[in-house]
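Now for the letters of each chain:
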Amino acid sequence: MPLVFAMGLSKLVYSQDVISPVSIEGNQTDNNQTEVTLPAMRSSIDNTLNQASQKLKSSKVEERVGAAKLLGKYANAQVSLLLIGALDDSSELVRRAVMVSLVEHFNNGAPIYEQALVEKIFSKIGDPDVEVRRETSALIPRLIPGLMRSGMERIQVNGRSILRSVPGKLRQDLQDLANQALIDPDSIVRQNVLKHHFSLRFQMESQTFVRLLGDKDVSVLLVALDQARMYAAQSGTYDQMEALTKHSDVGVRAKLARTVLSLGRSFPQYRKILRILTNDPVDEVATLSAVDLARLGERVSNQMIDRIIAYLSKAKGLFGKAESLFYSLSALGSDAKRIYTALLEHPSASMRSQAWVRHLTLSEGWKNASSWRYALQDRDIKVRKAVLSLLRGRVEQINRNDLTNLIKSRHVEVRSFASELLLVAEKEVVKECFFDLLIDEDSLVRSTTLRALAKIQADGWVDLHARSLKDKDYAIQRAAMDGLLGDHKVGLPALLKYLRQYPAERISALARRELQQMGINP
C-alpha cells in the first residue's frame, strides 16, 4: 500500500490508497475514510510577542509581570522597545520585572546603544522602588557607551564653518539624579554609583564625598577610599580621613593606610595619618603604616622593627597581609636585615626561603660560605632550592672544609652544587674531593662532576672521560662525550678511538652526529 507523509498538517485521513489531509473528528466518511485529530500547531514567535505586548497593557498586574518576564527571553531591538515602554508602569513589580528582562537582553548579546533609550533606562536610578534602583545602578557599566556618545557641532573659525566633535556627557537632569543616588538610602545603590561616577563624567560636590567617607556601610566606605585621590585637595576630605584612623573596622584602617601611601607622595599633609596609624593597636595596620612611611623616606624606629618581627613571626606563612608586608620590607633598606635574620627559623618554608634569599642578597652572603651553608641543611627542599638559585654563578671560591661538608650532604641537589663548585676550588682541593663525587649514588652528581672536571681540565680528566663512555648510565656517557668534544687537542682523539673500538654503542651514534656537525668525518 503506498504511504504519503504530510508534515506540518493538523489532520490526516487514512484510506486504502493514500493518506490525505481532511477535516477532523475521527468519523467514517462515504469513502470509508477515517479522520484522526492531531494537536494544534505551536504559536509562532511573532504571535507570542504580540500576545505579550498586549498583556503589557492589561489591567491585571500579574499579567503585566508575566509578560515582562517572558519578553526577557527574546533578546532583540523590538522587544527592548516594548520593555523600555513599560518602565513607567504604576506597579513596582512590573518595573522590577522589566529591569531584570533588560539585564537579560544585555547579557544575551543584545545591548542598547541608542542614546534616548539608554537615557530612559538610566533615569530609573531615581525610581521610588529600591529594587529598580539597584538593578539600574548595577547596569551602569553597560549603559555608559550609550550615555556617553559623543556628537558633532558646527562652529565658526576665522569666518569658516567647521565641524568638531563634542564629548558625550550626561543631561543635567540625569546628572542631578546621579548626584541624588550618591546619597541614596540604599547602600548598594550608593556603592554602584560611586564606583562608576568617573565613567559618567561628573564630579560630586566635596561635601557629598566627605559624607561618603563617613558612610556607615563599610563597602561604600572602601569604594570611597578608592576614589580619594580626585578629592584629596578639597575641603573636609583630610579631616574625615584622619577621623577614619579610629574606625572600628580593621579592614578600613588597613585600606586607609594604603590610600594614604598613594596620597602622601602628592599631598605631604596626609603623611600625618600614617604616623597616627603606626600607633594602631592592631599589628597588621601599624606595621603596614610604618613600612609605608619608610617608602616615603622616613626612618622606622627600633621599637617598630621589633613589632614587625613579632607580627611576621606569628604569621602562618607568606600569604595575605603578611606577604604584602614582607615584600615591602625592602623600603627599610639596611634596617630590614635584622628582620630577615629573625625569620630564618620561621616555621613556614615559604617564609624561611624568602627570608634567606633577602638576607643573603642584602648582606652579599654568597661571598662567605658560612653565611649560606646552614640554609642548605634546611629540612624543606623549597628553601634549599631558593638558596641554590641565588648562589649559582655568584660563589667565587670555596675551601676544603666547606666543600667537604657539601659533599657529605644527604640532599642530592646540595651534592650536585658541590660538583659545580669544583670550578672555583683550588686544584689541590679538587684533587682531594672529586673522587667522592664521582662515586656518588646519584647520576646527576656524577655527570655534573664529569662536566666540571672537563671544564677545568683536571689532571687525568681525558682518561677518566674515556672510561666513563663505557658507563651503563646514559647521562654519564653523555657528560663524558660532551667533555671530550670540547677539547680538540686531546679530547677528540680519545673520542675517535672509542668510536673505532665500540661503533655499535648507543652513545657512538650520537657522537658521530655531533662530529659530523663539527665537520669531522669519524
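Residues numbered from 1 in each chain as written. Predicted model: local features only at pLDDT ≥ 70, side-chain atom pairs only at ≥ 80, totals over all residues. Heavy atoms only, no water.

## So, the nonpolar core
Applicable threshold: We call a set of buried Ala, Val, Leu, Ile, Met, Phe, Trp, Tyr and Cys residues a nonpolar core when their side-chain atoms join them within 4.5 Å. The classification of residues rests on relative accessible area computed with a 1.4 Å probe and restricted to protein chains. Under 20% of the type maximum is buried, over 50% is exposed, and intermediate values are partly exposed. Residue contacts are counted whenever heavy atoms from the two residues lie within 4.5 Å of one another.
Leu102, Ile121, Phe122, Leu147, Met241 and Tyr270 are the most contacted members of the largest nonpolar core, which totals 71 residues. Residues contacting Leu147, with those up to four places away along its chain left out, are Gln115, Val118, Glu119, Phe122, Lys169, Leu170, Leu174 and Leu200. Leu325, Leu344, Ala369 and Val429 belong to the second-largest nonpolar core, a separate cluster that totals 63 residues.

## A closer look at the environment of Asp176
Counted only if it meets this: Each helix is a run of DSSP H or I of at least 4 residues and each strand a run of E of at least 2, with the numbering of both proceeding from the N terminus.
With respect to the helices and strands, the residue Asp176 is situated in helix 8 (residues 172–181). Here Asp176 falls in the partly exposed class, since its relative accessible area comes to 41%. In this structure the C-alpha to C-alpha distance between Asp176 and Gly126, which are 50 residues apart in sequence, comes to 9.6 Å.

## Side note on the confidence of the model for the chain
The following threshold applies: pLDDT is defined as a per-residue confidence score from the predictor, taking values between 0 and 100.
Model confidence for the chain is summarised by a mean pLDDT of 88, while 92% of its residues fall at 70 or above. Counted against residues more than four places away or in other chains, residues 36–42, with its pLDDT under 50, gives eleven contacts.

## A few points about the side chain of Asp283
Just so we agree on the cut-off: Polar contacts here mean pairs of N or O atoms no more than 3.5 Å apart (in protein, one a potential hydrogen donor and the other a potential acceptor; neighbouring residues in sequence count only if both atoms are side-chain atoms).
By the secondary structure assignment, Asp283 is in helix 15 (residues 283–295). Among the polar contacts listed, one links the side chain of Asp283 to the side chain of Arg307, at a separation of 2.6 Å. For Asp283, the contacting residues outside a window of four places in its chain are Arg307, Tyr311 and Lys314.

## Considering the pattern of salt bridges
Defined as follows: Salt bridges, as used here, are contacts in which a Lys or Arg side-chain nitrogen is within 4 Å of a carboxyl oxygen on Asp or Glu.
One pass over the structure, following the stated rule, counts 34 salt bridges. Put simply, Glu104 and Lys73 hold a salt bridge, and the shortest N to O gap is 3.3 Å. Of this pair, Glu104 sits in helix 4 (residues 92–107) while Lys73 sits in the loop between helix 2 (61–71) and helix 3 (77–85), and the two are 31 residues apart along the sequence. Between Arg190 and Asp215 there is a salt bridge; the shortest N-O distance is 2.9 Å. In this pair, Arg190 sits in helix 9 (residues 187–196) while Asp215 sits in the loop between helix 10 (206–213) and helix 11 (218–226), placing the two residues 25 residues apart along the sequence. Residue classification places Arg190 among the buried positions, given a relative accessible area of 10%.

## Quick look at the pairing of strand 4 (residues 151–157)
Note the following rule: Pairing between two strands requires that DSSP report at least two bridges joining them.
With seven bridges joining them, strand 4 and strand 5 (residues 160–166) adopt antiparallel strand pairing. Bridged to Val157 within strand 5 is Arg160. Connecting the antiparallel pair strand 4 and strand 5 is a turn made up of two residues, with Asn158 showing a positive phi of about 55°.

## Structural notes on a positive patch on the surface
Formally: For patch detection, residues must exceed 30% relative accessible area and be free of salt bridges, and they are connected within 9 Å for like charges or within 5 Å for nonpolar side chains (Val, Leu, Ile, Met, Phe, Trp, Tyr). Using the Shrake-Rupley algorithm and a 1.4 Å probe, accessible areas are obtained, with residue cover drawn only from the displayed protein chains. For the purpose of counting charges, residues Lys and Arg are taken to be positive, whereas Asp and Glu are taken to be negative. His and the chain ends are not included. Just so you know, the charge point we use is NZ for Lys, CZ for Arg, CG for Asp and CD for Glu.
Positive charge collects at one region of the surface, where Arg467, Lys470, Lys497 and Arg500 lie side by side. Tracing the backbone through its elements, the reader meets Lys470 in the loop between helix 26 (461–468) and helix 27 (474–485).

## Digging into unusual backbone geometry
Within the chain, Arg201 stands out as a residue other than glycine whose phi angle is a positive 60°. Counting through the fold element by element, Arg201 comes out in the loop between helix 9 and helix 10.

## Considering the packing of aromatic side chains
Quick note on the threshold: Stacked, edge-to-face and tilted are the three classes for Phe, Tyr and Trp ring pairs, Trp counted by its six-membered ring, which pair at centre distances within 6.5 Å; planes under 30 degrees apart are stacked, over 60 edge-to-face, the rest tilted. Remark: a charge is flagged as sitting over a ring if the NZ atom of Lys or the CZ atom of Arg is within 6 Å of the ring centre and within 35 degrees of the ring normal.
Summed over all chains, the structure comprises nine aromatic pairs. With a centroid separation of 6.5 Å and an interplanar angle of 45°, the aromatic rings of Trp356 and Tyr374 are classed as tilted. In this pair, Trp356 is assigned in helix 19 (residues 349–363) and Tyr374 in the loop between helix 20 (369–372) and helix 21 (381–391), connecting sequence segments 18 residues apart. Among the residues examined, Trp356 registers a relative accessible area of 4% and is labelled buried. Exposure remark for Tyr374: the relative accessible area of 48% places this residue in the partly exposed category. Geometrically, the ring pair formed by Tyr498 and Tyr502 is tilted, given 5.0 Å between the ring centres and 35° between the ring planes. Residue classification places Tyr502 among the partly exposed residues on the basis of a relative accessible area of 30%. Members of the aromatic cluster, connected to one another through ring pairs, are Phe198, Phe209 and Tyr231. One Lys or Arg, Arg394, reaches over the ring of Trp366 and ends 5.1 Å from the middle of that ring.

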